[in-house]
Amino acid sequence: MINKTVSNVQEACQGIKDSMTFMLGGFGLSGIPENLIAELVRLNVKDVTCISNNAGVDGFGLGQLLQKKQIRKMISSYVGENAEFERQMLSGELDVELIPQGTLAQRCQAAQSGIPAFYTPAGYGTEVAEGKESREFNGKMHLLEKAFNADFSFVKAWKGDDAGNLVFKGSARNFNPNMCGAAKITVAEVEELVPVGTLDPNHIHIPGIFIQRIFQGENYEKRIEQLTVRKRN
Amino acid sequence: MALSKEQIAQRIAKEVKDGYYVNLGIGIPTLVANFVQNDIEVDFQSENGVLGMGPFPFEGEEDPDLINAGKQTITTLPGASFFDSAMSFSMIRGQHVNLTILGAMEVSQNGDIANWKIPGKMVKGMGGAMDLVASAENIIVAMMHTNRAGESKLLKNCSLPLTGVNCVKKIVSNLAVLEVINNSFKLIERAPGVSVEEIKTATEGNLIIEGDIPEMKF
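Residues numbered from 1 in each chain as written. Chains lettered and ligands numbered in written order. Predicted model: local features only at pLDDT ≥ 70, side-chain atom pairs only at ≥ 80, totals over all residues. Heavy atoms only, no water.

Student: Explain the sheet that holds strand 1 (residues 21–24) of chain B to me, and be specific about the residues and the numbers.
Tutor: All names here are of chain B. Spatial ordering of the open sheet is given by 4-3-2-1-5-10-12-13-14-15, a layout of 10 strands whose pairing is mixed. One side of each edge strand has no neighbouring strand; the edge strands of this open sheet are strand 4 (76–82) and strand 15 (207–208). Bridge count between strand 2 (residues 43–46) and strand 3 (residues 50–53): two bridges; the pairing is antiparallel. Each residue of the ladder has a partner; that of Ser 46, found in strand 3, is Val 50. (Pairing = 2+ DSSP bridges. Helix = DSSP H or I, 4+ residues; strand = E, 2+ residues; numbered from the N terminus.)

Student: Break down the nonpolar core for me, citing the residues and quoting the values.
Tutor: Ranked by size, the top nonpolar core spans 50 residues in total, and within it B:Val32, B:Ile101, B:Val107, B:Ile113, B:Val141 and B:Ile171 carry the most contacts. No other element matches the five residues that strand 10 (residues 139–143) of chain B contributes to this core. One finds A:Met20, A:Leu24, A:Val45 and A:Leu143 within the second-largest nonpolar core, a separate group that totals 41 residues. (Core = buried A, V, L, I, M, F, W, Y, C linked by side-chain atoms within 4.5 Å. Buried < 20%, exposed > 50% of the residue type's maximum accessible area, 1.4 Å probe, protein only.)

Student: Break down the packing of aromatic side chains for me, with residues and values.
Tutor: Taken as a whole and judged by the stated rule, the model has four aromatic pairs over all chains. With 6.3 Å between their ring centres and 75 degrees between their planes, A:Phe22 and A:Phe152 make a pair best called edge-to-face. Here A:Phe22, found in strand 1 (residues 21–24), pairs with A:Phe152, found in strand 8 (residues 150–161); they are 130 residues apart in sequence, far enough to count as distant. For A:Phe22, a relative accessible area of 0% gives the class buried. Look at A:Phe22 and A:Phe154: their rings are 5.2 Å apart centre to centre, the planes differ by 55 degrees, and that puts the pair in the tilted class. Taken together, the residues span a long stretch of sequence, with A:Phe22 in strand 1 and A:Phe154 in strand 8 at a distance of 132 residues. By the burial criterion, A:Phe22 is buried, and A:Phe154 matches it. In this arrangement the basic side chain of A:Lys156 is found over the ring face of A:Tyr220, its NZ or CZ atom lying 5.0 Å from the centre. Here the basic side chain of A:Arg230 rests over the ring of B:Phe58, its NZ or CZ set 4.0 Å away from the ring centre. (Phe/Tyr/Trp six-rings, centres within 6.5 Å; stacked < 30°, edge-to-face > 60°. Lys NZ or Arg CZ within 6 Å of the ring centre and 35° of its normal.)

Student: How would you sum up the environment of A:Val229? Please name residues and give values.
Tutor: Tracing the backbone shows A:Val229 in the segment after strand 11 (213–216). Separated by 51 residues in the primary sequence, A:Val229 and A:Asn178 have C-alpha atoms spaced 30 Å apart.

Student: Go over the pairing of strand 10 (residues 183–194) of chain A, please, and point to the residues and values.
Tutor: Residues and elements named next belong to chain A. Inspection of the sheet shows strand 8 paired to strand 10 by 10 bridges, in the parallel sense. By the bridge assignment for strand 10, Ala 150 is matched with Ala 183. The pairing of strand 10 with strand 11 spans four bridges and is classified as parallel. Bridging across to strand 11, Val 190 finds its partner in Gln 216.

Student: Can you break down the sheet that holds strand 7 (residues 140–146) of chain A residue by residue, with the values?
Tutor: All names here are of chain A. Taken in spatial order, the three strands make up an open sheet running 5-7-6, and their pairing is antiparallel. Of all the strands in the sheet, the pair left with one neighbour each is strand 5 (117–120) and strand 6 (134–137). Averaged over neighbouring strand pairs, the angle between their axes works out to 40 degrees when direction is ignored. As defined by bridge partners, strand 6 adjoins strand 7 across four bridges and the pair is classed as antiparallel. If you follow Ser 134 over to strand 7, its bridge partner there is Leu 143. Most of the contacts of helix 5 (residues 101–113) go to strand 5, to which it runs at about 155 degrees, and overall it touches strand 5 and strand 7. (Axes fitted to C-alpha atoms, helices over the stretch in contact; angles between N-to-C directions. Contact = heavy atoms within 4.5 Å.)

So, in structure tokens, the structure goes:
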């Protein structure tokens with residue numbers, strides 16, 4: 001088995017430079033690569049482009065990179081929970097490309113799969129369609145959307161093994177599997193790194209072939225954005 | 001009396017049929033789950049990767065790895081499943097989800113919808129709304145008939161940036177149930193105690209009124 005394990009987050013981030021394009025898994029704050037984001041803050045890389053469904057909240061997740069003005073461009077579907085983000089966007093400091101969520105997922109998936117572009121009906125007739133090729137299939141209009149081209153993909157899984165095989169938990173799965181193997185180098189952080197042979201091959205969500213580096217994450221905060229509960233009777 | 005948000009949700013719940021897979025948007029649509037009849041089987045899909053969503057967790061049982069598309073903590077029901085975002089939108093674009101219920105800032109008489117952006121004011125993003133409205137066979141919009149200034153939100157043409165074109169089939173507002181047909185809003189039902197005249201005044205787009213318009217029943 002090819003061993004993908006690196007000893008820590010510093011080793012996992014070797015080769016990261018200014019002006020690169022990163023993909024980051026997560027939906028809201030659920031399933032975000034907390035250790036890798038913290039390391040990007042520490043490395044203080046600048047002028048980066050981030051492809052991520054959301055942009056974190058003030059002071060957590062990608063909000064930490066925004067605070068230090070490390071991000072030049074965000075490609076996201078929804079950025080509603082972040083005042084600093086809004087300020088930078090409205091002042092023009094931050095370049096923002098908002099795209100439909102399904103298109104975002106499929107542009108990751110296409111990059112993973114070696115499909116350069118695909119047609120989708122999402123966004124036809126809206127400002128998302130500006131400058132894009134459109135075409136009719138089965139009586140319905142579609143837009144041509146292209147696969148992403150990123151330098152690093154940062155994903156977070158629940159469990160992983162030394163071969164890079166990954167298992168996700170609950171809705172923390174979200175964009176993480178689609179981003180595996182969708183950039184030149186995919187780095188996975190996991191809550192629990194186990195020896196090869198421990199995970200049942202039937203239960204692996206992402207095979208290790210898509211992963212270049214894997215490491216055991218530490219001190220997960222796993223913040224909840226909207227705590228909603230019901231009272232016990 | 002114009003309907004409350006809960007009553008709009010309650011009326012929409014009558015459109016949810018046995019065997020449906022349903023995607024609920026944020027806001028009033030989320031409330032629809034509370035009013036679906038107990039004797040039918042319905043599965044709720046959340047586009048962040050959950051099918052078979054259950055109620056909110058009991059205090060202390062919340063799990064940060066289990067949220068809905070509004071980032072609220074949730075639970076799952078027996079038979080639920082998790083999946084990635086690409087598969088989630090395969091369910092949506094592939095029309096495996098039977099019904100989409102979402103909110104709107106404006107709807108036009110040809111079925112265009114605007115609900116994601118107010119230029120210069122609110123730019124949060126479209127999330128999954130553009131994928132949902134471009135693909136769903138059956139879209140119901142839950143909305144207020146007029147804005148706070150009393151101006152109609154059911155228009156000849158949307159003034160805000162569009163989310164999708166020619167896609168809305170049915171609207172349940174605080175005043176009425178309407179269908180979008182022949183480049184017009186066709187009045188189907190009135191909110192209890194709301195007159196046809198009031199609905200006419202509150203609707204800027206073409207309004208088709210045929211025969212007696214019944215009051216909604218709950």
